[in-house]
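Listed here are the chains, written in short residue letters.
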Amino acid sequence: MIISKTPVRLSFFGGGTDYREYFERKGGAVLGVTIDKHIYVSVNVLSDFFEYNIRVGYSKSELVKKIDDIVHPSVRETLRFKKMSGNLDIHIFADLPAKTGLGSSSSFTVGLLNALYALEGKAVSKKKLGEEAIFIEQQMIKEHVGCQDQIHAAYGGLNIIEFNRYETTVRPVVISKEKYRLLNASLMVFYTGLTRYASKIAEEQVTNTKKRNLDGYLSQMHQMVFNAERIISDETSESMIRQLGELLNEGWQLKKNLSKKITNATIDAAYEKALEAGAYGGKLGGAGGGGFLFLLVPEGQQASVRMALHQMMEVHFNFETEGSKIIYLTQ
């Protein structure tokens, strides 16, 4: 049996510029961090005693004789990509719900790939895991997804990821221990209770990006990545939190122009309550439309923000730095 453990991520700046429709023309960049909420994938060799050849367990159970019969798209296409023949028992566990804007579907694809390689006795690079997960999701499943979630999940940590037509580069954000601790402590994450399919939310955005209607917005969002990097490097700890929060707010206002499906009246009302209670700024995770609302809030105002959003469940977390890894292996 193999068990992989893969983190989900919070994407701060640059989301939308990680779509090929944009970065292959203009270049893109994102700044984000992985957190200690994970997707776990167990893979075991199934014995010949069963009437089925593949069992997949998640919110439901699939018992099938061949890969083509698997309903779960990522499981089906990842097994095809790996040219697996069957006799597999696959189970998926998660710390947080799916379809909530933290990149969990890409984390799963990365984690399943990692586990399947381990089943073959192979340890592969984080770069390979991220790039192959992107290929599976974009070229095989044909989803409207960008290229950041898979890289964040594979690498882990607080990183800037830059994209162009020819390569993807990953570099850690240079930050002091004190600023790192304060950034972690100043982030509050709330569950809106709304789930959605990111690829459906992103479809309108991708169409508009292809038509170059969004280039002005995306160019500004791209630049915010480097503005944020400068703030982290140059400002004092307290000023860093305030300025990053204000930049998040500016980015959120821009992001709402990318698609009509990114927000709604309920989310907008909750966000305004948070700002009135003392939050500097924030955004919905991922493509928007629901999921998790995260906010940068000075520690002295967090009780007020918590009370203002009392109808939403708060998620407590810490940053993590390891990315996808194998945590259990038996021969």
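Residues numbered from 1 in each chain as written. Predicted model: local features only at pLDDT ≥ 70, side-chain atom pairs only at ≥ 80, totals over all residues. Heavy atoms only, no water.

Draft legend 1. Structural context of the overall build of the protein. The secondary structure content of the protein amounts to eleven helices and twelve strands. Its C-alpha radius of gyration of 20 Å places the protein within 12% of the 20 Å reference for a compact globule of 331 residues. With the principal axes as the frame, the protein shows a C-alpha extent of 60 × 40 × 40 Å. Expressed as a percentage of the 331 residues in the protein, the buried residues total 56%. The long-range fraction of contacts in the protein, counting pairs at least 24 apart against all pairs at least 6 apart in sequence, stands at 74%. Accessible surface for the protein amounts to roughly 14500 Å². Of this, 50% is attributable to carbon and sulfur atoms. Measuring between centres, the 40 positive side-chain charges of the protein sit 3 Å from its 37 negative side-chain charges. (Helix = DSSP H or I, 4+ residues; strand = E, 2+ residues; numbered from the N terminus. Rg over C-alpha atoms; globule rule 2.2 N^0.38 Å. Buried < 20%, exposed > 50% of the residue type's maximum accessible area, 1.4 Å probe, protein only. Contact = heavy atoms within 4.5 Å. Areas by Shrake-Rupley, 256 points an atom, 1.4 Å probe, with all protein chains shown as cover. Lys, Arg positive; Asp, Glu negative; His and termini not counted. Charge placed at Lys NZ, Arg CZ, Asp CG, Glu CD.)

Draft legend 2. Focus on the environment of Val43. Of note, Val43 is situated in strand S2 (residues 28-45). Every residue in contact with Val43, bar those within four places of it in the chain, is listed here: Met1, Ile2, Leu88, Asp89, Ile90, Leu112, Ala115, Leu116 and Leu119.

Draft legend 3. Region of interest: the packing of aromatic side chains. Scanning all chains against the criterion turns up nine aromatic pairs. With 6.5 Å between their ring centres and 45° between their planes, Phe12 and Phe13 make a pair best called tilted. When its relative accessible area of 7% is taken as the criterion, Phe12 is described as buried. Taking the relative accessible area as the measure of exposure, Phe13 reaches 5% and is therefore buried. An aromatic cluster of at least three residues, connected via ring pairs, comprises Phe12, Phe13 and Phe294. Above the plane of the ring of Tyr117 lies Lys82, whose end atom (NZ or CZ) is 3.7 Å from the centre. (Phe/Tyr/Trp six-rings, centres within 6.5 Å; stacked < 30°, edge-to-face > 60°. Lys NZ or Arg CZ within 6 Å of the ring centre and 35° of its normal.)

Draft legend 4. Inspection of helix H8 (residues 215-234) at higher detail. Along its 20 residues, H8 runs 29 Å from first to last C-alpha, staying within 8% of the 28 Å computed at 1.5 Å per residue. Buried within H8 we find Asp215, Leu218, Met221, His222, Met224, Val225, Ala228, Ile231 and Ile232. (Expected span 1.5 Å × (residues − 1).)

Draft legend 5. Focus on the pattern of salt bridges. Overall, the coordinates contain 20 salt bridges when judged by the stated rule. Between Arg230 and Glu235 there is a salt bridge, and its shortest N-O distance comes to 3.7 Å. Residue classification places Arg230 among the partly exposed residues on the basis of a relative accessible area of 39%. Through salt bridges with shared partners, a single network forms among Asp68, Arg76, Glu77 and Arg80. (Salt bridge = Lys/Arg side-chain N within 4 Å of Asp/Glu carboxyl O.)

Draft legend 6. The arrangement of the nonpolar core in detail. The biggest cluster of nonpolar side chains holds 77 residues, and the ones touching the most others in it are Phe13, Leu79, Leu295 and Val305. Not counting the four nearest positions on each side in its chain, Leu79 is found in contact with Ile54, Ile67, Ile70, Met84, Leu88, Ile90 and Leu116. Listed in part, the nine residues of the second largest apolar core include Leu113, Leu129, Ile136 and Ala154. (Core = buried A, V, L, I, M, F, W, Y, C linked by side-chain atoms within 4.5 Å.)

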